[in-house]
Amino acid sequence: VENPNYFDVNFKEIKAEIFYPINNTEVGEGDSKNVVFKANQLTNWTFPFTLDYRTTSDPQGLIVRDIATKCGVLGTKSNINVNYRIT
């Protein structure tokens, strides 16, 4: 993250929720505490998150079938896109 400002940017906590586009199903989350982006600096920062597939959230298997297709198991390889919310 590049912070071009003359002041640091501090976050007590940054949270993310990850959603698969099919039915906007939540498939993961992550959080990081005490994040500081120093003034006029580039900060390399790794955001830890987990993915958690549950058949109860996808009873027809649409998500796992879509992922298998995009991975090339059931079709042509393509990008796997997800949506997310940062708070």
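Scroll up for the structure.
Residues numbered from 1 in each chain as written. Predicted model: local features only at pLDDT ≥ 70, side-chain atom pairs only at ≥ 80, totals over all residues. Heavy atoms only, no water.

Our focus in this paragraph is the overall build of the chain. Summing up its helical and strand segments, the chain has 1 helix and 6 strands in all. The N-to-C order of helical and strand elements in the chain reads β-β-β-β-β-α-β. A compact globule built from 87 residues would reach a C-alpha radius of gyration of about 12 Å, whereas the chain, at 17 Å, exceeds it by more than 25%. With the C-alpha coordinates of the chain rotated into their principal frame, the extents come out at 50 × 25 × 15 Å. Sorting the 87 residues of the chain into buried and exposed places 22% on the buried side. Excluding contacts between residues fewer than 6 apart, the proportion of contacts in the chain whose partners are at least 24 apart in sequence is 53%. Just so you have it, the chain exposes about 6600 Å², and 52% of that area is on carbon and sulfur atoms. Averaging the coordinates of the 9 positive side-chain charges in the chain and doing the same for the 10 negative ones gives two points 1 Å apart. (Helix = DSSP H or I, 4+ residues; strand = E, 2+ residues; numbered from the N terminus. Rg over C-alpha atoms; globule rule 2.2 N^0.38 Å. Buried < 20%, exposed > 50% of the residue type's maximum accessible area, 1.4 Å probe, protein only. Contact = heavy atoms within 4.5 Å. Areas by Shrake-Rupley, 256 points an atom, 1.4 Å probe, with all protein chains shown as cover. Lys, Arg positive; Asp, Glu negative; His and termini not counted. Charge placed at Lys NZ, Arg CZ, Asp CG, Glu CD.)

Further remarks concern the pattern of salt bridges. On inspection of all chains with the given rule, the structure shows 6 salt bridges. Here lysine 33 makes a salt bridge to aspartate 31, at a shortest N to O gap of 3.7 Å. We classify lysine 33 as exposed; its relative accessible area is 51%. With its nearest N and O atoms 2.7 Å apart, the salt bridge here joins aspartate 52 to arginine 54. Overall, aspartate 52 belongs to the partly exposed group, its relative accessible area being 35%. Each member of the salt-bridge network shares a partner with another, and the members are Glu13, Asp31 and Lys33. (Salt bridge = Lys/Arg side-chain N within 4 Å of Asp/Glu carboxyl O.)

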